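Residue-level structural notes
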Amino acid sequence: MIRRDEGLKEIAKHRGDAIVVAVYNSAFDLRRVSPSPLNYYSVGAMGLASSHGLGLALGLPSRKVIVLDGDGSLLMNVGSLVTIASQAPRNLYHFVGENGCYEANGSHPIPGRGRLSFAGMARAAGYLHVFEFDDLDRFAIEVPRILSLSGPVFTTLKIVPGEPSPLDYEFIHGPGTRQDFKAAIAAILAGKA
Amino acid sequence: MVDELGLAGGEIIAALKRGRIEYVVALPDITTSAGVLWPISRDQDFKLVRLCKEDEGVAICAGLAITQHRAALLIQYTGFLDSLNAIRAIACDYALPICMVIGLLEKEPHVKPRESKRFGVRIMEPILETMGIDHFCIDGSQDIAALPPAIERAYENSRPLAALVGQRVRP
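Residues numbered from 1 in each chain as written. Chains lettered and ligands numbered in written order. Predicted model: local features only at pLDDT ≥ 70, side-chain atom pairs only at ≥ 80, totals over all residues.

**Focus: the overall build of chain A**
- If you tally the helices and strands in chain A, you get nine helices and nine strands.
- Here the C-alpha atoms of chain A give a radius of gyration of 15 Å, agreeing with the 16 Å that 2.2 N^0.38 yields for 193 residues.
- In terms of its C-alpha atoms, chain A occupies a principal-axis envelope of roughly 45 × 35 × 30 Å.
- For chain A, the proportion of its 193 residues judged to be buried stands at 48%. (Helix = DSSP H or I, 4+ residues; strand = E, 2+ residues; numbered from the N terminus. Rg over C-alpha atoms; globule rule 2.2 N^0.38 Å. Buried ≥ 20, exposed ≤ 12 C-beta atoms within 10 Å, placed from the backbone.)

**Focus: the nonpolar core**
Residue and element names in this part refer to chain B.
- Formed by 117 residues in total, the largest nonpolar core has its most connected members in Leu73, Ile90, Ile98, Met100 and Ile102.
- The element best represented in this core is helix H3 (residues 54-66), accounting for eight residues.
- Apart from the residues within four sequence positions on either side, Ile102 is in contact with Ile75, Gln76, Tyr77, Phe80, Ala162, Ala163, Leu164 and Val165. (Core = buried A, V, L, I, M, F, W, Y, C linked by C-beta atoms within 7 Å. Contact = placed C-beta atoms within 7 Å.)

**Digging into the pairing of strand S5 (residues 92-98) of chain A**
Residue and element names in this part refer to chain A.
- Along S5, seven of the seven residues are buried, which leaves the element largely enclosed by surrounding structure.
- Looking at chain direction, strand S4 (residues 65-70) and S5 are connected through six bridges and run parallel. Its bridge partner lying in S5, Leu68 is registered against Phe95.
- Where S5 lies against strand S9 (residues 153-160), six bridges are found, and the strand directions are parallel. Along S9, the bridge assignment pairs Gly97 with Leu157. (Pairing = 2+ DSSP bridges.)

**Observations concerning unusual backbone geometry**
- Cis geometry is found at the peptide bond from A:Gly151 to A:Pro152, where omega equals 5°.
- In this structure, A:Ala88 is a non-glycine residue whose phi angle is positive, near 50°.
- Classification of A:Ala88 as partly exposed rests on a count of 14 C-beta atoms within 10 Å.
- Here B:Ser158, not a glycine, exhibits a phi torsion of approximately 50°, which is positive.
- Within the element layout of this structure, B:Ser158 appears in the loop between helix H8 (147-157) and strand S7 (161-165).
- Taking the C-beta count within 10 Å as the criterion, B:Ser158 has 14 such neighbours and is therefore assigned partly exposed.

**Observations regarding the interface of chain A and chain B**
- On the chain B side, the residues contacting the 22 residues of chain A number 23 residues.
- Elements that contribute at least two residues to the side of chain A that touches chain B include exactly helix H3 (49-59), helix H5 (79-87) and helix H9 (175-189) of chain A.
- Top element by residues in the side of chain A that touches chain B is H3(A). It accounts for seven residues.
- Here the side of chain A that touches chain B is built from residues that sort into nine nonpolar, 11 polar and two charged. (Nonpolar A, V, L, I, M, F, W, Y, C, P; charged D, E, K, R; others polar.)

**Brief notes about the pairing of strand S8 (residues 129-133) of chain A**
All names here are of chain A.
- Bridge analysis of S8 against S9 gives five bridges, and the strand direction is parallel. Residue pairing for S9: Val130 is matched across the bridge by Phe154.
- Assessed by its sense of winding, the connection that carries the chain from S8 through helix H7 (residues 136-146) to S9 is right-handed. (Right-handed = clockwise from strand over helix to strand, strands pointing away.)

**Focus on H8(B)**
Residue and element names in this part refer to chain B.
- Taken together, the buried positions of H8 are occupied by Leu147, Ile151 and Ala154. End-on view of H8: buried residues confined to an arc of 60°, all on one side of the axis. Turned more than 90 degrees away from the buried face of H8 sit Glu156 and Asn157, all of them exposed.
- Against helix H1 (9-18), strand S5 (99-103), strand S6 (134-138) and S7 lie the buried residues of H8.
- Taken from the residues just after H8, Ser158 is the one with a positive phi, measuring 50°. (Arc of directions from axis to C-beta.)

**A short note on the environment of B:Arg159**
All names here are of chain B.
- Residue placement: Arg159 occurs in the loop between H8 and S7.
- The class of Arg159 is partly exposed, set by 18 C-beta atoms lying within 10 Å.
- Residues in contact with Arg159, not counting those within four places in the same chain, are Ala95, Pro97, Asp134 and Ala154.

Below you can see the structure in the form of structure tokens.
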């Protein structure tokens, strides 16, 4: 098993100037591990991170878009695997932290826990590249290659919680945070970033 | 006034172009299928994103709006109702210009949406008003002219828009 924050640190080492879309506990960890105005916190409508990522990837094809999804979140929008594969954005990197539960909502188990294959679903949906990791060292070696592939790429990580991050809901829900993200995107589009 | 022959899809498509819509993000709706979605699927001026479910379309349109691309979310009212939380969070709370073109399946001709016998149709405008979403109904050709300025208004104010399509659209 991979500690979520440790796995995230490996992605952060290689994110470069990528946009990162994150959900709930991943969002809190992302803010601690890799703070950036190009972090997009997908909150308020659970399950839609992959779709936010698709919109951003289509709209800004020159920029890598990394989605840090949860397994419970993805189950709420599993059709997005098909939509993403159908659009096939070359710049979309979809990571799923697979902890088998709705951690942000009391850690109840997800349906199909232990039997469901997220990698299998992504492969069947038509993602170009699909990876599955449960070991940090092996993941750390592969991250640079994963992020150099032409997307859409799907990677599922078997995770457990790591060091707790501050649960700053005011920040991730705040209009100022979204404004900062929009300003960062506007700067990219204006050629200033 | 209601157009007895049905709405002309070409006029709605032209209105979307005048509104500088670049992406159409859609799940088929029989109200707009033949007259709008099929022609758009063959129109090189639009990029079409076909959806599995309407709420993912709300988020896709959000990503496109933030990256300064104009999009129309073409759905049926049942999909709107199914996507209410996504619309509440992403369009209303995030204050993004999510422009929805929503077919009112089985709305009776000559009848205002809120006077429809169809419960789902009847509650559409009150819901939109409760959510503070700019809206109007296209029930005849003369209503289509309102679409481009409504799209402009949505992007100018970064607020959502719902254009209700009140009768079946012909090619």
